[in-house]
Amino acid sequence: MTARRLPSGGEIDRARPLRFTFDGKVVEGFAGDTLASALLASGRQVLGRSFKYRRPRGLFGAGVEEPNICADVTEGAAFRPNQRVTTEPARDGLVLRSASTAPDAERDRTGFIDLFSRFIPSGFYYKTFMFPDWHLFEPQIRAMAGLGRVDPGKTGPVGDQVNHFCDALVIGAGPVGLAAARMLAGAGKSVVLADDGSRPGGSLLYRQAEIDGKPGADWLAETLAQLAGLGVTILPRTTAFGLYDHGLVALNQRHEDGRADTLWRVRPEWIVLAAGAIERPLPFSMNDLPGIMSAQAGLSYLRRQAVLPGANIVIAANNSTGAEVAQAMAAAGARVTLIDRRPDATPLPGIACHAGRSIDSALGRKAVHGVVLDDGTEITCDCLLVSGGFTPTIHLYAQAKGRLAWDETRLAFLPGDPVPGLTVIGGAAGQFTLHEAFAALPAALGLEGAPSAVPSSYDITPAWPEPGCKGRIWIDYQHDVTAKDVELAARENFLSVEHLKRYTTLGMATDQGKTSNLNGLALMARLTGREIPEVGTTTYRPPFTPVPYTSLAGLRGGERMNPVRRLALEGRHRALGAALGEYGGWLRPIHYGQNDAAILAEAKMARATVGLFDASPLGKIEVIGPDAAEFLDFIYYNTVSTLKPGGCRYGFILSESAVVYDDGVLVRLDEHRFVVSCSSSHAAGVHAMLEEWRQDRFPAKRIFIHNATAETATITVTGPQARAVIRAAGITADLDDAAFPHMTTRPGCHGDTPLRLTRVSFTGDRSYELSVRQDLAPGLWDALDGAARTLGGGPIGIEAVMILRAEKGYIVIGKDSDGMTRPMDLGLSGPLRSKKAEFIGKRSLLQEEAQRPDRNQLVGLQPEDSGGLLPVGAHGLDLTGNAPRSIGYVTSSCPGAGHDGPVALALIERGASRHGEVIELHHLGKRRRARITAPCAFDPKGDRLNA
Amino acid sequence: MQIFSCPFCGSRPEYEFHFGGDLGNHRPEGFEAVPDREWADYLYFRNNPKGTAREVWMHLTCGEMFSMTRDTVTMAAAPGETLTEGQP
């Protein structure tokens, strides 16, 4: 191919030259070039390698349909893999690497694979690499497969995201989309006009047209000015790639300056699809050689970037659009031969024309240098432009569950039944002439004011691949699917179009078969004696074009991916050198020392003197009103209405299937006011659950529920010196045990700050939970911290608390219980026997599953070997049968702080009746031995609660 | 993304809502008196219609439950309706 830049014409700016590199070689171009047009003008032919056979490939298209040429693009620090060179604007200083080639596209080392192509048809991998094991071959095959390369060290810049509402979204700013946008905006609608090209105009940028008596370019300029005046939002370089529920259209906008792409989420009242149509290749042997290009793409390169794609050009078409291309190439100085498959094609003056003929095969190895016609005529050429007809871009219509209808005169699937809120116009509706498309606009939009164009005609004759053709006919360029592969699929009974796709990978690559799908299913139709509509199309799914993850992610990266909730005391914890970690969505102190060794030291300190613990994330949901007690009786597994004001009670909340959903302490502040404290990670869930049952079963105005978790900070003081610390911190409250016993709550204050003091314990030691308005927490913390330090104590992190609670056998729901655990399995069976009132999950407790005698029950485990801590997740074994059987697993394990030696909790089959028994455990190939004990390993009588 | 309409707050994105089950899935009362089959039906068996579904949803941001009619084929969602009479 001897493509060359013409000295004048086109939309490029010859006063602004630019340079970039491709596979290490400098390419020169001008502002207004795409990467593809600059590469084409440079005379390079082999710009990439095919996916499977590693065949040399050149450009086929000039837009999003491009199947062949992608490149990894580096621009400064930014790296974008696998970019279609046809849609990317050329910029000074870009560094391009042809995708998946080594050392470069021209000399790729794997090119020899094509010699073996007859041995590696579709399904080859599945058939060949089965024995002895696919995994032996997988690494090498994976290394060779794939398109493009990801550099894990580089991340793209963060993309913007825009949410937008409008009356009408017009997709495609070709002549018909522009006309529609003008009509809609003229009728007072807010309009967004999106187009995937570098600038609006569509085919007007490279095809001749006369609209309203003016040349196409003049009408375009005039219309754009009018649209600006009407306030139409025009989004160039923007691809509408998906239609989602409730009319949400997602669009990806690329930017000229290399900024990260912008994601637009547009919710229009009305979608007008004017996305045009994509030209198909023609099926003949060796139709994938470099130099063979879509005729419309060739015309676009000639008229837009002034690149004449060859000196000696053959144009092969089965439709009437070949003539304009032939005339344009001839006028630009090329020698042109037109091969028109239509027998009645009108000869063109000055152009050699073979009417009623088609191409049998192309000649050449790394570039096309001639063609052989079906009558044996040989014609030499350095460029072959092909047109096999047009496939309407109706992806969004199909995504909206529109049904496609086959049109035998246009040889295309067109929109069938109307889809509410979506109108298809222009080439996407199969209206391939401007006259026809404009004439249909008033009825389609229900508006007047459509432009007019001189009548013209479009006609086409079939040129489908035929079964049994000799030679290698490419159906899908990017994934190297040939006619023989489709025939193989048919022979092996992969007849459904969905099976055909998956067996041959036809239409699966990054171009999603935009140029190939129809030829593939037309061949399948012929092979199986069916009509094309009987074969049908595969399901259209978003995205229409590849969308960068940076665009989809937007700002939701790093810590914004899943923002943590922050404690009011975070600053205090940081000042104390706390290591912080995420627990149940909250960023909490893990420990306060240099390393993990601090954890056990903190736990031992709390047992010896006193520990200070930030328990603020603990759920605190207030339930208020005259029916609150009755309501909570229904919510809790336990009876709570008998609780006295000022009292606390530990209880379970079950799900309706009687699985333990949460545990916690219920506090009764007064007759009509309760605080439900629940696990930190369950606060939102319990709140929603309370609301659900309140609204479902109770008089709405007699119960009020308020989630006070976020507004309340809670500091737990625990240990033998807890009461002394509270006194020393200057807190005013009656701390006498007779007036303020365990499991009660009392008001108090610290200076002017009112507090709620609650005596509950998650550690087994005397503990006070001090709750305060969260903004007042730092002052309280400072006072307590100072007092604790003088008594030999200090702050402890959550991991120390986990040790303290585990050796006491206190459970964490979801850790020491699972999705099967009933309350009886945790040793709480009283309410099932004695509670009269209805409660959540009550009936489910009678189910066979809940009553099974061999249920997994909470136990403690003491290692009986010298292996140290038991691993969490280790399975207990029943070795009495033929094969070992799991009888449950370890749920928590840690060194003891008060207890001497390791402690563990487990859910073990019939565990409650097996205390004292020694069982074997299995974990990652290792065996351990442990004795089943009661869950509580430390201070089983609970003396320390009041010590 | 779907847009649902809370009868109290208006149109909001779907992630503000929580599914509450089939409308009219009444809880059988009476503990032992409830047959296994009836209880299992309440717990596990869903209407799962093709087409019009009548459902309960909660708008998490305001905490109110309401009923909504949805089409499970077209995904069309009618505006939510209050479950309590005499309230806005």
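Rules behind the numbers
Residues numbered from 1 in each chain as written. Chains lettered and ligands numbered in written order. Predicted model: local features only at pLDDT ≥ 70, side-chain atom pairs only at ≥ 80, totals over all residues. Helix = DSSP H or I, 4+ residues; strand = E, 2+ residues; numbered from the N terminus. Buried ≥ 20, exposed ≤ 12 C-beta atoms within 10 Å, placed from the backbone. Contact = placed C-beta atoms within 7 Å. Rg over C-alpha atoms; globule rule 2.2 N^0.38 Å. Pairing = 2+ DSSP bridges. Axes fitted to C-alpha atoms, helices over the stretch in contact; angles between N-to-C directions. Left-handed = near helix turned anticlockwise from the far one by under 90°. Nonpolar A, V, L, I, M, F, W, Y, C, P; charged D, E, K, R; others polar. Expected span 1.5 Å × (residues − 1). Core = buried A, V, L, I, M, F, W, Y, C linked by C-beta atoms within 7 Å.

1. A short note on the overall build of chain B
And step 1. Secondary structure assignment for chain B yields 1 helix and 6 strands.
And step 2. In chain B, the succession of α and β elements from N to C terminus is β-β-β-α-β-β-β.
And step 3. Residues classed as buried in chain B amount to 18% of the 88 residues present.
And step 4. Pairs at least 24 apart in sequence give 48% of the contacts found in chain B among residues at least 6 apart.

2. Focus: the overall build of chain A
And step 1. Helices and strands together make up the secondary structure of chain A, namely 23 helices and 53 strands.
And step 2. Taking 30 Å as the expected radius of gyration for a compact globule of 947 residues, we find that chain A reaches 37 Å, considerably beyond that expectation.
And step 3. Principal-axis analysis of the C-alpha atoms places the extent of chain A at approximately 115 × 70 × 55 Å.
And step 4. For chain A, the residues scored as buried account for 50% of the 947 residues in total.
And step 5. For chain A, long-range pairs separated by at least 24 residues make up 66% of all intrachain contacts whose partners lie at least 6 apart in sequence.

3. So, the sheet that holds strand 53 (residues 926–933) of chain A
Residues and elements named next belong to chain A.
And step 1. Overall, antiparallel pairing links the 6 strands, which are arranged 48-51-50-49-52-53 in a closed barrel. Ignoring strand direction, the axes of neighbouring strands in this sheet form an average angle of 45°.
And step 2. Bridge count for strand 48 (residues 856–863) against strand 53 is 4 bridges, and the pairing is antiparallel. Note on strand 53: the bridge partner recorded for Leu861 is Ile932.

4. Digging into the packing of helix 6 (residues 295–305) of chain A against helix 7 (residues 322–331) of chain A
Residues and elements named next belong to chain A.
And step 1. Interaxial distance between helix 6 and helix 7 falls to 10 Å at its minimum, and their mutual angle equals 35°. Like other packed secondary-structure pairs, helix 6 and helix 7 cross with a definite hand, here left-handed. Listed contacts from helix 7 to Ala295, Gly298, Leu299, Leu302 and Arg303 of helix 6 are Gly322, Val325, Ala328 and Met329.
And step 2. Considering only residue class, the contact of helix 6 with helix 7 consists of 6 nonpolar, 2 polar and 1 charged.

5. Observations regarding helix 11 (residues 497–504) of chain A
Residues and elements named next belong to chain A.
And step 1. For helix 11, the full list of buried residues reads Val497, Leu500, Lys501, Tyr503 and Thr504.
And step 2. Structurally, helix 11 contributes buried residues whose contacts are with strand 32 (481–482), helix 10 (483–491), helix 12 (517–527) and helix 13 (532–535).
And step 3. Following helix 11 by one or two positions, Thr505 has its phi on the positive side, about 65°.

6. Digging into the pairing of strand 2 (residues 10–13) of chain B
And step 1. Two strands pair when backbone bridges link them, and strand 1 (residues 3–6) of chain B and strand 2 of chain B are joined in this way by 4 bridges, in the antiparallel orientation. Of the residues in strand 2 of chain B, the one forming a bridge with Ser5 of chain B is Ser11 of chain B.

7. Quick word on helix 4 (residues 175–186) of chain A
All names here are of chain A.
And step 1. With 12 residues, helix 4 should cover 16 Å at 1.5 Å per step; its first-to-last C-alpha distance of 16 Å lies within 8% of that length.
And step 2. The buried fraction of helix 4 amounts to 11 of the 12 residues, a majority that puts the element mostly inside the structure.
And step 3. Within helix 4 the residues assigned to the buried category are Pro175, Val176, Gly177, Leu178, Ala179, Ala180, Ala181, Arg182, Met183, Leu184 and Ala185.
And step 4. On the buried face of helix 4, the contacting elements are strand 9 (161–171), strand 10 (191–194), strand 11 (210–211), helix 5 (216–229), strand 16 (262–273) and helix 9 (434–445).

8. With respect to the sheet that holds strand 3 (residues 17–22) of chain B
And step 1. Across the sheet, which stays open at both edges, the 4 strands sit in the order 3-4-5-6 (chain B) with antiparallel pairing between neighbours. Edge positions in the sheet fall to strand 3 and strand 6 (81–82) of chain B, since each has one partner strand and no second.
And step 2. Across 2 bridges, strand 5 (residues 64–71) of chain B lies against strand 6 of chain B in antiparallel orientation. Paired with Phe66 of chain B across the bridge in strand 6 of chain B is Thr82 of chain B.
And step 3. Packed onto the sheet, helix 18 (residues 683–697) of chain A meets strand 3, strand 4 (52–59) and strand 5 of chain B and runs at close to 120° relative to strand 4 of chain B.

9. Notes on the nonpolar core
Residue and element names in this part refer to chain A.
And step 1. Ranked by size, the top nonpolar core spans 101 residues in total, and within it Val623, Ile715, Val717 and Leu784 carry the most contacts.
And step 2. No other element matches helix 20 (residues 777–790), which puts 7 residues into this core.
And step 3. In this structure, Leu47, Tyr206, Met293 and Ile313 belong to the second largest nonpolar core, which totals 88 residues.

10. Some points on the pairing of strand 26 (residues 383–387) of chain A
Residues and elements named next belong to chain A.
And step 1. The buried fraction of strand 26 is high, at 5 of 5 residues.
And step 2. Alignment of strand 18 (residues 292–294) against strand 26, held across 3 bridges, turns out to be parallel. Across the sheet, the residue bridging to Ile292 is Leu384, located in strand 26.
And step 3. In terms of strand pairing, strand 20 (residues 312–317) meets strand 26 through 5 bridges, oriented parallel. Opposite Val314, over in strand 26, you have Leu384 as the bridge partner.

11. As for the interface of chain A and chain B
And step 1. Each side of the interface is counted separately: chain A has 15 residues, and chain B has 18 residues.
And step 2. For the side of chain A that touches chain B, the element with the most residues is helix 18 of chain A, which contributes 4 residues.
And step 3. Tallied by class, the residues present in the side of chain A that touches chain B amount to 5 nonpolar, 3 polar and 7 charged.

12. Considering unusual backbone geometry
The phi angle of most residues is negative, glycine excepted, and most peptide bonds adopt the trans form.
Residues and elements named next belong to chain A.
And step 1. Cis geometry marks the peptide bond from Ala102 to Pro103, where omega comes out at -5°.
And step 2. Here Pro103 is to be found in the loop between strand 8 (95–98) and helix 2 (124–128).
And step 3. Going from Pro542 to Pro543, the amide bond is cis rather than trans, its omega being 0°.
And step 4. Along the polypeptide, Pro543 turns up in the loop between helix 13 and helix 14 (549–553).

13. Some remarks on the environment of Glu559 of chain A
Residues and elements named next belong to chain A.
And step 1. For Glu559, the location among the structural elements is in the loop between helix 14 and strand 33 (565–566).
And step 2. We classify Glu559 as exposed; it has 8 C-beta atoms within 10 Å.
And step 3. Sequence spacing of Glu559 and Ala800 is 241 residues, and the spatial spacing of their C-alpha atoms is 26 Å.

14. What about the packing of helix 4 of chain A against helix 5 of chain A?
Residue and element names in this part refer to chain A.
And step 1. Closest axis-to-axis distance for the helix 4/helix 5 pair is 10 Å, and the angle between their directions is 30°. Judged by the sense of rotation from one axis to the other, the crossing of helix 4 with helix 5 is left-handed. Residues Leu178, Ala181, Arg182 and Ala185 of helix 4 form the contact with helix 5, whose participating residues are Thr223, Gln226 and Leu227.

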